[in-house]
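The residues making up each chain are set out below.
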Amino acid sequence: TDTPVPPTDTPTPEPRGSVSCANAVSANRVTCTFSLEHYALEFARVDWSDRGTGHAFIGNVETADGIFSADIAPGDCGKTIEGRAVALDSGSVQLATVDFSHALVCPIPTDTPVPPTDTPTPVPPTDTPIPPTDTPTPTLIPLAAPGNLRATGLSKVIWDAVTGATKYRVEWSPAINGRSSEDVSATEYFVGNMAFDVTYSVRVQALSSSADYEKASAWSNSVELLYPSPKDLPAPGNLRKTGKLEVSWDAVTGALNYRVSVSGGASKLDIVGGTSYMFAPEGSVGTFTIAVWALGDGEDYEWEGEQASLTVTVVKDTPVPTDTPVPPTDTPVPPRETDPPPRDTEPPPRDTEPPPRDTEPPPCKETCNWSSNEWSVTERRPPGNLACNYDIYERKLRQKTCTWNRPECGNDRTFNQITQDWKKIGSGTNPPPCANP
């Protein structure tokens, strides 16, 4: 009975709390942790009190986990914060109170560079270069525009060659028969089928198929071409017979040659460069009709002018014999009324007789020679500009010269001979107005 009975209830321990603070230098922020022994911290309230000079005032903070923090004002660097932390239970019953203080550490200036903590490890260079992934585009050599474009005729242009060009594009305006350009390899071009009295503008561009040059150049300067209507050629004037078998005519301005047609006897067609023509060989007789046309160049003057014609008749010569006596006349000669008085003296005899001729002059003889050179003449059929379509014919000529052995026998002659029949060499088209065929 005298053994003491131990108490059955274990006394509840006293709650004790503690506060630890630290501030992050780089972030200018202070953080404190409130710890409570024997009890789980459910709620805490912290009063950041201003304790006078040298202290920082932060304010009141409530926390549920015991951790509280606040920003440090710029002027609080080096000051001390003091506060009281109170732990409360869920019923707001005060469990513990802790007074604390903490000196605020001055932060490091933000403009002071922070030295790197890690030393970079140098990467040794590799011996093998890394090839570029993109293939560079090669630079092409520019093509120059054709220079010195110029006209050398009514419808022809030429220009200087361009380095790197493999061909040239010639362009003209307005279009001709629906076409306005053509590619050529030469440095000249003939613009065909131009209409009369129309101005055409022509320019040239260089083209290249080389991999080193640009594909096309800029256009050259432009030149103008004008094909004026050719002047008319009149009929040769004063067509006349100037010899037994020869005709002549007056020259026609703008004529290069003359076409002569002979009908009657051995008909023939000839092209001559002069203004006279032997229309039949020696000894020919009969009636001949000779027609003459002036021939132009087709540019300044028309290809063929108007016709002049002449009909002549040649008869056989009748020789007059020298030994035929002259018949007497019917009327007798009346006698003289008086005879002339006799001469007092006879004329003195001649001292010498004229010397006899040693030889008679040689008979007249004509010698003819053909020249070795040939030349071409052209003709358009049908002639003139009335037909829409025409053909161009060509033939070869050479010249024959005949001379006499003595000047008193006659005049020297020159005429042409055809060495080749007419041959078609091309065709062309006249601009409107024209009439088919």
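Novice: For this particular structure, what's the right way to read the state of the cysteines?
Specialist: In a disulfide, the sulfur atoms of two cysteines are held together by a covalent bond. Counted by the stated rule, this structure contains two disulfides. Between the sulfur of cysteine 21 and that of cysteine 32 lies a disulfide, 1.9 Å long from S to S. Measuring the twist about the S-S bond at about 115 degrees, one finds the cysteine 21-cysteine 32 disulfide to be right-handed. With a gap of eleven residues between them, cysteine 21 in strand 1 (residues 16–24) and cysteine 32 in strand 2 (residues 29–37) connect regions that are remote in the sequence. Residues cysteine 21 and cysteine 32 agree in their burial class; the two are buried. The disulfide that involves cysteine 368 links it to cysteine 402, with 1.9 Å between the sulfurs. The sign of the S-S torsion, about 115 degrees, decides the handedness of the disulfide formed by cysteine 368 and cysteine 402: right-handed. Of the two residues, cysteine 368 is situated in strand 23 (residues 366–370) and cysteine 402 in strand 25 (residues 389–404); the sequence distance between them amounts to 34 residues. Note on cysteine 368: relative accessible area 31%, which makes it partly exposed. Since its relative accessible area comes to 0%, cysteine 402 is described here as buried.

Novice: Would you mind going over the sheet that holds strand 8 (residues 150–151) with me for this structure?
Specialist: Backbone hydrogen bonds are what pair the strands of a sheet, in a parallel or an antiparallel way. Spatial strand order, 8-9-12: three strands in an open sheet with antiparallel pairing. Edge positions in the sheet fall to strand 8 and strand 12 (188–190), since each of these pairs with one other strand and no more. Direction of pairing for strand 8 relative to strand 9 (residues 156–158): antiparallel, over a ladder of two bridges. Residue pairing in the sheet places alanine 151 in a bridge with valine 157 of strand 9.

Conventions used here
- Residues numbered from 1 in each chain as written.
- Predicted model: local features only at pLDDT ≥ 70, side-chain atom pairs only at ≥ 80, totals over all residues.
- Heavy atoms only, no water.
- Disulfide = S-S within 2.5 Å.
- Helix = DSSP H or I, 4+ residues; strand = E, 2+ residues; numbered from the N terminus.
- Buried < 20%, exposed > 50% of the residue type's maximum accessible area, 1.4 Å probe, protein only.
- Pairing = 2+ DSSP bridges.

So yeah, pure geometry; function would need other evidence.
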